[in-house]
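Here are the chains, one letter per residue:
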Amino acid sequence: MKRTLILVLFIAAIASCSKKKDSTQNISGTWTVYKILKDGIDWTNTVPYSDTIRNYAITFSEGGTFLEKNYFPPDTDSVYIPGTWAFEDTYQKLVLQDTIYKKRTYYIFNLEGNHVELRRDGVNRYLRKKE
């Protein structure tokens, strides 16, 4: 019985390490927003949402840092926000921390390959990883 329990715990530990590595590798890279739902309504092509997502990108590094970039053409400068990111609650939440917004927590849905859905405060952001 003890051997079985130890074996089960060992397999669970290996699986959680594997999930951490897979999730970290999946989130690493540059992402752009292609759709926004607010309270179940698609706002993707509605101002001001369409303007803010058109030139938005966020890049996550495997080291736990990120860089958000937003450019508002034609007359404004790009806005760059650096910070750190981490997973919480067994990779169900993505926490971003920076000096502008402080701490933002997103619920993660469908982090698979080049797609992720992030939910926060009634807003669903659908992001696609740039190739």
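Before reading further, recall that the structure is shown in the block above.
Being a predicted model, the structure only gives us computed values, none of them experimental.

A.B. asks: How would you sum up the overall build of the protein? Please name residues and give values.
C.D. replies: The number of helices and strands found in the protein is 2 helices and 9 strands. Partitioning the contacts of the protein with sequence separation of at least 6, the portion at a separation of at least 24 is 38%. Carbon and sulfur atoms make up 55% of the accessible area of the protein, which amounts to about 8,700 Å² in all.

A.B. asks: Give me the pairing of strand β7 (residues 102-112): which residues, what numbers.
C.D. replies: Bridge count between strand β6 (residues 93-98) and β7: 6 bridges; the pairing is antiparallel. Paired with Gln-97 across the bridge in β7 is Lys-103. Connecting β6 to the next strand, β7, in antiparallel fashion are 3 residues. Where β7 and strand β8 (residues 115-120) come together, 4 bridges link them in antiparallel fashion. The partner of Phe-109 across the bridge, within β8, is Glu-117.

A.B. asks: Just give me the short version of the pattern of salt bridges, but keep the residues and values in it.
C.D. replies: If you walk through the whole model with that rule in mind, you get 5 salt bridges. Among the ionic pairs, Glu-117 bridges to Arg-119, the shortest N-O distance being 2.8 Å. Here Arg-120 ties to Asp-121 by a salt bridge, and the two come within 3.8 Å at their closest N and O atoms. What makes Asp-121 exposed here is its relative accessible area of 67%. One connected set of salt bridges, linked through shared partners, spans Glu-68, Asp-98 and Arg-104.

A.B. asks: Can you lay out the side chain of Arg-104 for me, pointing to particular residues and giving the numbers?
C.D. replies: By the element assignment, Arg-104 lies in strand β7. There is a polar contact of 2.7 Å between the side chain of Arg-104 and the side chain of Asp-98. When sequence neighbours within four positions are dropped, the list of residues in contact with Arg-104 reads Phe-66, Glu-68, Leu-94, Val-95, Leu-96, Asp-98 and Arg-120.

A.B. asks: How would you summarise the environment of Asp-121 if you had to cite specific residues and measurements?
C.D. replies: Assignment of secondary structure puts Asp-121 in the loop between β8 and β9 (123-129). In this structure, the C-alpha to C-alpha distance between Asp-121 and Asp-39, residues 82 residues apart in sequence, is 8.8 Å.

A.B. asks: How would you summarise the environment of Ser-50 if you had to cite specific residues and measurements?
C.D. replies: Position of Ser-50 relative to the elements: it lies in helix α2 (residues 49-54). Leave out the neighbours within four places in its chain, and Ser-50 touches Trp-43, Thr-44 and Asn-45.

A.B. asks: Outline the packing of aromatic side chains, listing residues and values.
C.D. replies: To describe a pair of aromatic rings, you give the distance between the ring centres and the angle between the ring planes. Per the counting criterion, the structure on display carries 5 aromatic pairs. With a centroid separation of 6.2 Å and an interplanar angle of 50 degrees, the aromatic rings of Tyr-34 and Tyr-126 are classed as tilted. You can see Tyr-34 sitting in strand β1 (residues 29-38) and its partner Tyr-126 sitting in strand β9, a full 92 residues away along the chain. A ring pair is formed by Phe-87 and Tyr-91, whose centres lie 5.3 Å apart and whose planes are at 65 degrees; its orientation type is edge-to-face. Of note, Lys-35 hangs over the ring of Tyr-126, and the distance from its end group to the ring centre comes to 5.3 Å.

What counts, and where the lines are drawn
Residues numbered from 1 in each chain as written. Predicted model: local features only at pLDDT ≥ 70, side-chain atom pairs only at ≥ 80, totals over all residues. Heavy atoms only, no water. Helix = DSSP H or I, 4+ residues; strand = E, 2+ residues; numbered from the N terminus. Contact = heavy atoms within 4.5 Å. Areas by Shrake-Rupley, 256 points an atom, 1.4 Å probe, with all protein chains shown as cover. Pairing = 2+ DSSP bridges. Salt bridge = Lys/Arg side-chain N within 4 Å of Asp/Glu carboxyl O. Buried < 20%, exposed > 50% of the residue type's maximum accessible area, 1.4 Å probe, protein only. Polar contact = N/O pair within 3.5 Å; in protein donor to acceptor, adjacent residues only side chain to side chain. Phe/Tyr/Trp six-rings, centres within 6.5 Å; stacked < 30°, edge-to-face > 60°. Lys NZ or Arg CZ within 6 Å of the ring centre and 35° of its normal.

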